[in-house]
Amino acid sequence: MKIQSLSVVVPNPACINSCPFCVSRMNADTTYKNQMNDNLPFFDLYLKDYIKRLEFARDNGCNTVMLTGNTEPQQNRKFLTYFGMFMQLMKNPFHWIEMQTTGVLLDQNYLRFLRNHVGVNLISLSLSALDSKINGDIISSNAPMPDIPFLCSEIKRYDFSLRLSLNLTDYYDGEYVRAGDSPDEQIAGVGRIFDDCRKLGADQVTIRILYSSDTGTPQDEWIKEHAASENVVHLIESYVKANGIVLGVLPHGAVKYSLDGLCVVIDDDCMDKSEKTGEDYKYLVLQPDCKLYSQWDDKSSLIF
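Everything numeric here is computed off the predicted structure, so don't read it as measured data.

**Student:** Just to check I follow, could you spell out unusual backbone geometry for this structure?
**Tutor:** Here Leu105, not a glycine, exhibits a phi torsion of approximately 75°, which is positive. Relative to the elements of secondary structure, Leu105 occurs in the loop between strand 3 (96-101) and helix 4 (108-118). Taking the relative accessible area as the measure of exposure, Leu105 reaches 38% and is therefore partly exposed. Residues other than glycine seldom take positive phi values, yet Cys290 does so here, at roughly 70°. You can call Cys290 buried: its relative accessible area is 1%.

**Student:** How should the packing of helix 2 (residues 43-59) against helix 3 (residues 77-89) be read in this particular structure?
**Tutor:** Geometrically, a packed helix pair is captured by the angle between its two axes and the distance between the axes. The contact between helix 2 and helix 3 brings their axes to 11 Å, and the two run at 60°. With respect to each other, helix 2 and helix 3 are oriented oblique. Classified by chirality, the crossing of helix 3 by helix 2 is right-handed. Contacts from Phe43, Leu47, Tyr50, Ile51 and Leu54 in helix 2 reach Phe79, Tyr82, Phe83, Phe86, Met87 and Leu89 in helix 3. Its residues assigned to classes, the contact of helix 2 with helix 3 shows eleven nonpolar, no polar and no charged.

**Student:** Honestly, helix 10 (residues 230-243) in this entry has me stumped. Any pointers?
**Tutor:** Given 3.6 residues to a turn, an α-helix orients residues that are three or four positions apart in the same direction. An ideal rise of 1.5 Å per residue puts 20 Å on 14 residues; helix 10 measures up with 20 Å between its terminal C-alpha atoms. Along helix 10, the residues that are buried comprise Val232, Val233, Leu235, Ile236, Tyr239 and Val240. Down the axis of helix 10, the smallest arc covering the buried residues is 165°, so these residues share one side. Within helix 10, the exposed residues directed more than 90 degrees away from the buried face are Glu230, Lys241 and Ala242. On the buried face of helix 10, the contacting elements are helix 7 (171-175), helix 8 (183-199), strand 6 (204-208), strand 8 (255-259) and strand 9 (262-267).

**Student:** Please explain the side chain of Glu72 as it appears in this structure.
**Tutor:** Among the secondary structure elements, Glu72 is positioned in the loop between strand 2 (64-68) and helix 3. Despite its burial, Glu72 pairs with no opposite charge; the closest candidate is Arg208, at 9.5 Å N-O. There is a polar contact of 2.9 Å between the side chain of Glu72 and the side chain of Gln74. Among residues more than four places away in sequence, those in contact with Glu72 are Asn12, Cys15, Ile16, Asn17, Thr101, Thr102, Gly103 and Val104.

**Student:** I would appreciate a short explanation of the packing of aromatic side chains in the present structure.
**Tutor:** For any two aromatic rings, the description comes down to two numbers: the centre-to-centre distance and the angle of the planes. Per the stated rule, a full pass over the model turns up 13 aromatic pairs. Measuring from ring centre to ring centre gives 5.9 Å for Tyr50 and Phe79, while their planes differ by 80°; the resulting arrangement is edge-to-face. Taken together, the residues Tyr50 in helix 2 and Phe79 in helix 3 connect sequence positions 29 residues apart. A single burial state applies to Tyr50 and to Phe79, both of which are buried.

**Student:** Mind showing me how you'd approach the pattern of salt bridges here?
**Tutor:** Side-chain pairs of opposite charge can arise where the charged atoms are in close proximity. Applying the stated criterion across every chain, the model contains ten salt bridges. Between Arg157 and Glu154 there is a salt bridge whose closest N-O contact spans 2.9 Å. Taken together, the residues span about one helical turn, with Arg157 and Glu154 both in helix 6 (residues 148-157) at a distance of three residues. A relative accessible area of 10% places Glu154 in the buried class. Taking the shortest distance from any N to any O, the salt bridge between Asp203 and Lys156 comes out at 2.7 Å. One end of the pair, Asp203, is in the loop between helix 8 and strand 6; the other, Lys156, is in helix 6, with 47 residues separating them in the sequence. Residue Asp203 is classed as partly exposed on the basis of its relative accessible area of 28%. Connected through salt bridges with shared partners, the residues Asp195, Arg198 and Asp260 form a single ionic network.

**Student:** Just to check I follow, could you spell out the nonpolar core for this structure?
**Tutor:** Taken as a class, soluble globular proteins show a tendency for nonpolar side chains to be buried jointly. Core analysis: the largest hydrophobic core is formed by 74 residues, its most contacted members being Leu6, Leu54, Leu67, Phe83 and Phe194. Grouped together as the second largest cluster of nonpolar side chains are eight residues, Ile138, Leu210, Trp222 and Ile223 included.

**Student:** What is the right way to look at the environment of Lys299 in this model?
**Tutor:** Its place among the elements puts Lys299 in the segment after strand 11 (292-293). On a C-alpha basis, the gap between Lys299 and Tyr32 in space is 8.7 Å, while along the polypeptide they are 267 residues apart. There is a polar contact of 2.6 Å between the side chain of Lys299 and the backbone oxygen of Thr31.

**Student:** How should the pairing of strand 9 be read in this particular structure?
**Tutor:** Side-chain positions along a regular strand alternate between the two faces of the sheet. Across the six residues of strand 9, six count as buried, placing the element largely inside the fold. With five bridges joining them, strand 6 and strand 9 adopt parallel strand pairing. Paired with Gln204 across the strands is Cys263, a residue of strand 9. Relative to strand 9, strand 8 is paired through four bridges, and the arrangement is antiparallel.

**Student:** For this particular structure, what's the right way to read the environment of Ile223?
**Tutor:** Within the secondary structure layout, Ile223 lies in helix 9 (residues 218-226). Expressed as a C-alpha distance, the spacing of Ile223 and His117, which sit 106 residues apart in the sequence, is 37 Å.

Cut-offs and rules
- Residues numbered from 1 in each chain as written.
- Predicted model: local features only at pLDDT ≥ 70, side-chain atom pairs only at ≥ 80, totals over all residues.
- Heavy atoms only, no water.
- Helix = DSSP H or I, 4+ residues; strand = E, 2+ residues; numbered from the N terminus.
- Buried < 20%, exposed > 50% of the residue type's maximum accessible area, 1.4 Å probe, protein only.
- Axes fitted to C-alpha atoms, helices over the stretch in contact; angles between N-to-C directions.
- Parallel < 35°, antiparallel > 145°, perpendicular 65-115°, else oblique.
- Left-handed = near helix turned anticlockwise from the far one by under 90°.
- Contact = heavy atoms within 4.5 Å.
- Nonpolar A, V, L, I, M, F, W, Y, C, P; charged D, E, K, R; others polar.
- Expected span 1.5 Å × (residues − 1).
- Arc of directions from axis to C-beta.
- Lys, Arg positive; Asp, Glu negative; His and termini not counted.
- Salt bridge = Lys/Arg side-chain N within 4 Å of Asp/Glu carboxyl O.
- Polar contact = N/O pair within 3.5 Å; in protein donor to acceptor, adjacent residues only side chain to side chain.
- Phe/Tyr/Trp six-rings, centres within 6.5 Å; stacked < 30°, edge-to-face > 60°.
- Core = buried A, V, L, I, M, F, W, Y, C linked by side-chain atoms within 4.5 Å.
- Pairing = 2+ DSSP bridges.

Just distances and angles here, no functional claims.
The structure is reproduced here in structure tokens:
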């Protein structure tokens, strides 16, 4: 079995954000009981089960943990405190720990806690626009959204690696690539996307093509209306391939490119729905019920 990464779902009752394209909201009916609750009578038993699953992933060659979930991970600081302790309890802990977030609630004290106690090495900042106001309007959080340049500078100040995960919304059509532009102007516009990522201090950029489940959900309808045009997606892919140097191929076929100091990956299968060969997984998901699954939205994908 090959596992590219382990997605750890940080339990929370509800997300502070209301991202209109959120994959988790598409699959809201797939729920998992939260056994990582220290008020439960058998919490000590489930804690051991949880560590067993972490060790199972490590024993099968997984080196990377992504703290993520159906909500913002930083909404549950107590769980993150436990997770940092788990790393100290494990005989062979994970040293490569990432966190996926929109950045809401993160200040310098929280960043210091993530770096010093939880052991986070890389913060993957999910952005729907590189403009702070437009990004905040799309995410529609119940808490103040961060100023993107300031948050990125703080992330770098605490010596995290910074990945910008760019959700390809139609913001990129109007801001960087316009329908009336000449081919050269459109290519230059795509180049400005990556220039702006460099200015923010990014080490890595993931281009995330918005996923639609084609089931008629409100999220699907929003994506159909507000996803970046096929032309913009094609221009970005072509630009990266033409100007980047191949660094390697990830286990599920995505290619990593070196683009003038940025590591760039184009992700068109964020839910890992591509056909499997053998027991190779883009990721496994450790849910709050203390069990491992190979899919976010299908309980029949139980592994252990």
